[in-house]
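Survey of secondary and tertiary structure
Listed below are the residues making up each chain.
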Amino acid sequence: AGLTTVAVMPASTELFFNNQRSKLKKLLVRGNKYTCIVTVPIVCFIFLFSEYLLELWLGNGFTFLSPVCKAIISYWILHTLVGLASSILMGLGEVKFLVKYQFILLFSNLICIVLFCIIFDFKLVGFALAYSIPYMLGTFYFLNHTLNILDLSWKYFISNVIIVSY
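Let us look at the structure shown here.

**Comments concerning the packing of helix H5 (residues 66–91) against helix H7 (residues 123–149)**
In a packed pair of helices, the relevant descriptors are the angle between the two axes and the axis-to-axis distance. Following both chains from N to C, one finds H5 and H7 inclined at 25°, their axes separated by 8 Å at the closest point. Regarding the angle of H5 to H7, the classification is roughly parallel. Viewed along their axes, H5 and H7 form a crossing whose handedness is left-handed. Looking at the contact of H5 with H7 residue by residue, the classes come out as 21 nonpolar, seven polar and no charged.

**Overview of the environment of Ile72**
Relative to the helices and strands, Ile72 resides in helix H5. Along the sequence, Ile72 and Leu129 sit 57 residues apart, while their C-alpha atoms lie 7.0 Å from each other.

**Considerations on a nonpolar patch on the surface**
Taken together, the side chains of Met9, Met90, Val95, Val99, Phe103, Leu106, Phe107 and Leu110 make up a nonpolar region of the molecular surface, amounting to roughly 700 Å² of accessible area. With six residues, helix H6 (residues 95–119) is the largest single contributor of residues to the nonpolar patch.

**Examining the pattern of salt bridges**
This structure, assessed with the given rule, holds one salt bridge. Lys123 is paired through a salt bridge with Asp121; the nearest N and O atoms lie 3.1 Å apart. Classification of Asp121 by relative accessible area gives partly exposed; the value is 46%.

**Brief notes about unusual backbone geometry**
In this model, Asn19 sits at a positive phi of 55°, which is unusual for a non-glycine residue. Mapped onto the elements, Asn19 comes out in the loop between helix H2 (8–17) and helix H3 (21–48). Its relative accessible area of 61% is what places Asn19 among the exposed residues. Unlike most non-glycine residues, Asp121 shows phi in positive territory, near 55°. Inspection of the secondary structure puts Asp121 in the loop between H6 and H7.

**Considering the side chain of Ser50**
Checked against the element boundaries, Ser50 lands in helix H4 (residues 50–58). The exposure class of Ser50 is buried, given its relative accessible area of 1%.

**Describing the packing of H2 against H5**
Close contact between H2 and H5 brings their axes to 7 Å; oriented N to C, the two are set at 45°. In terms of orientation, H2 and H5 fall into the oblique class. Crossing handedness for the pair H2 and H5: right-handed. Here Val8, Met9, Ser12 and Thr13 of H2 lie close against H5, whose contacting residues are Leu84, Ser87, Ile88, Met90 and Gly91. Residue composition of the contact of H2 with H5, by class: five nonpolar, four polar and no charged.

**Describing the packing of aromatic side chains**
All chains considered together, the criterion is met by 17 aromatic pairs. Ring centres of Phe45 and Phe49 lie 5.0 Å apart, and the angle between their planes is 45°; this geometry places the pair in the tilted category. Judged by relative accessible area, which is 44%, Phe45 ranks as partly exposed. Given the relative accessible area of 37%, Phe49 is considered partly exposed.

The rules we used
Residues numbered from 1 in each chain as written. Predicted model: local features only at pLDDT ≥ 70, side-chain atom pairs only at ≥ 80, totals over all residues. Heavy atoms only, no water. Axes fitted to C-alpha atoms, helices over the stretch in contact; angles between N-to-C directions. Helix = DSSP H or I, 4+ residues; strand = E, 2+ residues; numbered from the N terminus. Parallel < 35°, antiparallel > 145°, perpendicular 65-115°, else oblique. Left-handed = near helix turned anticlockwise from the far one by under 90°. Nonpolar A, V, L, I, M, F, W, Y, C, P; charged D, E, K, R; others polar. Patch = residues over 30% accessible without salt bridge, like charges linked within 9 Å, V, L, I, M, F, W, Y side chains within 5 Å. Areas by Shrake-Rupley, 256 points an atom, 1.4 Å probe, with all protein chains shown as cover. Salt bridge = Lys/Arg side-chain N within 4 Å of Asp/Glu carboxyl O. Buried < 20%, exposed > 50% of the residue type's maximum accessible area, 1.4 Å probe, protein only. Contact = heavy atoms within 4.5 Å. Phe/Tyr/Trp six-rings, centres within 6.5 Å; stacked < 30°, edge-to-face > 60°.

Encoded structure:
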């Protein structure tokens, strides 16, 4: 997803300063749709075949890590939608929000580590969940902010990005 978002920041800055908000909306929707079309099948493949891929890559002794792999990769399904949006927000000068979002993720990760690893003693899977869950939930917070700034509705975004891509 990173390669598909490199040129978005300067383009979003230009569209914003030229007051072309409709093109900015199209950039978010179209860019996310194509990013998801590329990313989601790969993520699903890795999720479904993680045990076989681990065996092929690392050998028989590592297939027990499949649940950890699945927990970590599961956040990509949703968080894929953030890459392009973060480039757009950066281009719009929303740096304070981006920093705030990263701090929220950091503290959420710490809370989840205490919860899953120390209190519930989920061991390695706990660390994977503590990493993945804040990113999955954070995606909605991040997208809500982005959609509000661009004056896009969730209904429009879901019907033109999520339903089409997933």
